[in-house]
Amino acid sequence: MRDLFTEFHERILILSVNHLFGKGLENLILKQRFAILPEIRRVWDLNEALLILEEWKPDLVIVDYDDQTVDRAAFLQHFVTSDYPMQVLLVSLQDSDRIVVYDRRTMTPDQAELYLNLSQSISASLTEKRVESKGDSMRHFFIVTVLVILSTVLVNTLLNSVGLLPVQASSQANTIDRLFDTHFFLISFLFSLIAVFLVYSIVVFRRKSEDDFGKYVTGSSRLEVIWTVIPLGIVVYLAYLGSQSLAEVRRIDPQAMVVNVTAGQWFWRYEYPDFGITSQSLNLPVNEQVLLKMTSLDVIHSFWVPEFRVKQDILPGENLVKELRVTPTQLGTYTVRCAELCGGSHAYMNSPVVVMTREEFDRWISQELTGVSSDPVARGQRLVTQKGCVGCHSLDGKPSVGPTWQGLFGKEQELIDGSRVIVDEDYLKEAILFPNSKVSRGFAPGIMPEIYQDQLSEQQLTDIIEFIKSLR
Ligand code: CUA
C-alpha cells in the first residue's frame, strides 16, 4: 500500500467517517518526505467531498471502502462523467488491504465502467462472506466450549490418578493439598484451553486453497477486557487462598512440644529440651503439635518431610533459629530429607521420623532416660548416634563420606600414601582423634574435624571402638 504514495500528488482528498483511517493515511503520506509537502484535506461525507472536488480539484482521492455511509456507486459515477485528470484509491482495511485503483489519467471511460462493476462484485462477496461466518462462529464456539470442558475433566482426572503426592501425614498437609487441587484444576483448564483451540484451528480452519486468506481482524476491546479481568480475578483469588492457607499452616498450639533440630554436613540431630534427650531419629507423638527450632552448624540445609508437606530452610548462625510447626496425624515411619544442595553427601542426608502413639512415645522417653547401659557396645551405639558419626560412616557397608564401619575392624586398609595398616584398637583411636594423619585410600583428607580429643573421654572412646568391633 505504501508504494501507492511514492508518486507525488499536489492535492490529496481523504473521504471517511473514520477519523483514525484519515489520520493514519495522512501520516503515511507525510512519511514519504517529498520535497514539497502535498496539501491534504479530510472530509466526512459525500456531499462535502463532491463540493471540494469541483472547487479544489485534487489530483488524488482516497475513499474508505469500508465506510457504509458513502454511496460508492454515486460517487464513482461522478468520476466517469467528469473529465479532469485524477486518481482514485478505494482502500479497504477489513479485506486484507485490498485496494481498487481507478485512474482517470490513463483509463478510458469504458475501462472505468469495468472497474465500477468489479468493485460492486467485490463488495457483494465481502458481505456474503461476513454473514456466512457469523452463523458459523456460534457453532464453532459451542463445539470448542464442550471440548474444553471435556478435556479439562480428563486432564484433571489424569493428574489426580498418577499419584503425584504422597500420603497426607499431618494436619498441615490437608491445607496444602487444597492448594494443590486448585492448581491441578487450573493447570488442566489452561492446558485444555490452549491445546483445544490449537488443534481445532489446525484441523477445522486449515487453508483450503492458494488464495484462501483469513479475515483481517484488528483489536477487540471486549476480548481484551475479558482476558484481563478473568485472569486478574483468578490471581486475586489464589492470593486470598494462599494467605488463608499460610495462616492455617502456622496456627500456634501453645501446648506444642519443642524439639531443637541441628543440621550439619551430613547429619540430623534432634534434642528434646524438656527431657534432656538427644536422638538421631525424630520421634513424635501422633495428633500433637511439635515446634521444631532449627539451626545449622555449617551451611544451609532444608528440613523436608514430603508426607508432612511443610518445608523449612535451616541457616547457620546462632541467632538464626528457624521455626516450623507440624501436627502429625498418621502413625508410621517417614524420612526427613535435606532439600538444599549442601555438599557431597547431600543426597544421603536422611533421617527417620517415627510418628507413634502417646504411650509409645512416653515409653521411648523413659527408655532413653534410663538407657545408660552396662554394655559398652550399647553405650558406644548411643554415643555415635549422639555425636553424629553415622552421618558420614554407614553401618551396613553402603558408601558414604567416610569408610563404612561394617567389617572394618581387623581389616587391612590401604592409605592414600599407598601404605597399608591393620585396623586395630590403636589405629581406630588415632583415626578418631587425629583423622587426617592416616586417611584411607579413596577418601578426601580434611573432611572429618579434629575435635574429638576435647569431646570424648577415654571411656567413651573405648565404647565407640567396642561398637565398631561389633559390626562384623
Ligand atoms: Cu543438607 Cu542437603
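The rules behind these values
- Residues numbered from 1 in each chain as written.
- Predicted model: local features only at pLDDT ≥ 70, side-chain atom pairs only at ≥ 80, totals over all residues.
- Heavy atoms only, no water.
- Axes fitted to C-alpha atoms, helices over the stretch in contact; angles between N-to-C directions.
- Helix = DSSP H or I, 4+ residues; strand = E, 2+ residues; numbered from the N terminus.
- Parallel < 35°, antiparallel > 145°, perpendicular 65-115°, else oblique.
- Contact = heavy atoms within 4.5 Å.
- Nonpolar A, V, L, I, M, F, W, Y, C, P; charged D, E, K, R; others polar.
- Pairing = 2+ DSSP bridges.
- Patch = residues over 30% accessible without salt bridge, like charges linked within 9 Å, V, L, I, M, F, W, Y side chains within 5 Å.
- Areas by Shrake-Rupley, 256 points an atom, 1.4 Å probe, with all protein chains shown as cover.
- Salt bridge = Lys/Arg side-chain N within 4 Å of Asp/Glu carboxyl O.
- Expected span 1.5 Å × (residues − 1).

Caption draft 1: Here's a closer look at the packing of helix α8 (residues 376-387) against helix α11 (residues 458-470). Close contact between α8 and α11 brings their axes to 7 Å; oriented N to C, the two are set at 100°. When the axis of α8 is compared with that of α11, the two are roughly perpendicular. For the pair α8 and α11, contact is made by Pro376, Val377, Arg379, Gly380, Gln381, Leu383 and Val384 and by Gln459, Gln460, Asp463, Ile464, Glu466, Phe467 and Ser470, respectively. For the contact of α8 with α11, the class distribution of residues is six nonpolar, five polar and three charged.

Caption draft 2: Focus on the sheet that holds strand β11 (residues 301-304). Within the open sheet, the five strands sit side by side as β9-β15-β14-β11-β12. Their pairing is mixed. One side of each edge strand has no neighbouring strand; the edge strands of this open sheet are β9 (282-285) and β12 (311-314). Along the sheet, successive strands turn relative to each other by an average axial angle of 25°, direction set aside. Of the pairings in the sheet, the one linking β11 to strand β14 (residues 332-338) comprises two bridges and is antiparallel in character. Looking across to β14, one finds that phenylalanine 303 is bridged to cysteine 338. Running over the sheet, helix α7 (residues 358-369) touches β9 and β15 (350-356) and is turned about 135° from β9.

Caption draft 3: Region of the structure containing a nonpolar patch on the surface. Residues Phe185, Phe189, Leu190, Leu193, Ile194 and Phe197 make up a contiguous nonpolar surface patch of about 550 Å² in total accessible area. Note that leucine 190 resides in helix α5 (residues 171-204).

Caption draft 4: Quick peek at α8. Helix length check: α8, at twelve residues, gives a terminal C-alpha distance of 16 Å against a target of 16 Å (1.5 Å per residue), a fit within 8%. Summarising the contacts, the buried residues of α8 are in contact with α11. Following α8 by one or two positions, glycine 388 adopts a phi angle in the positive range, close to 85°.

Caption draft 5: View of the environment of glutamine 330. With respect to the secondary-structure elements, glutamine 330 resides in the loop between β13 (322-326) and β14. Sequence separation between glutamine 330 and glutamate 307 is 23 residues; the distance between their C-alpha atoms is 9.5 Å.

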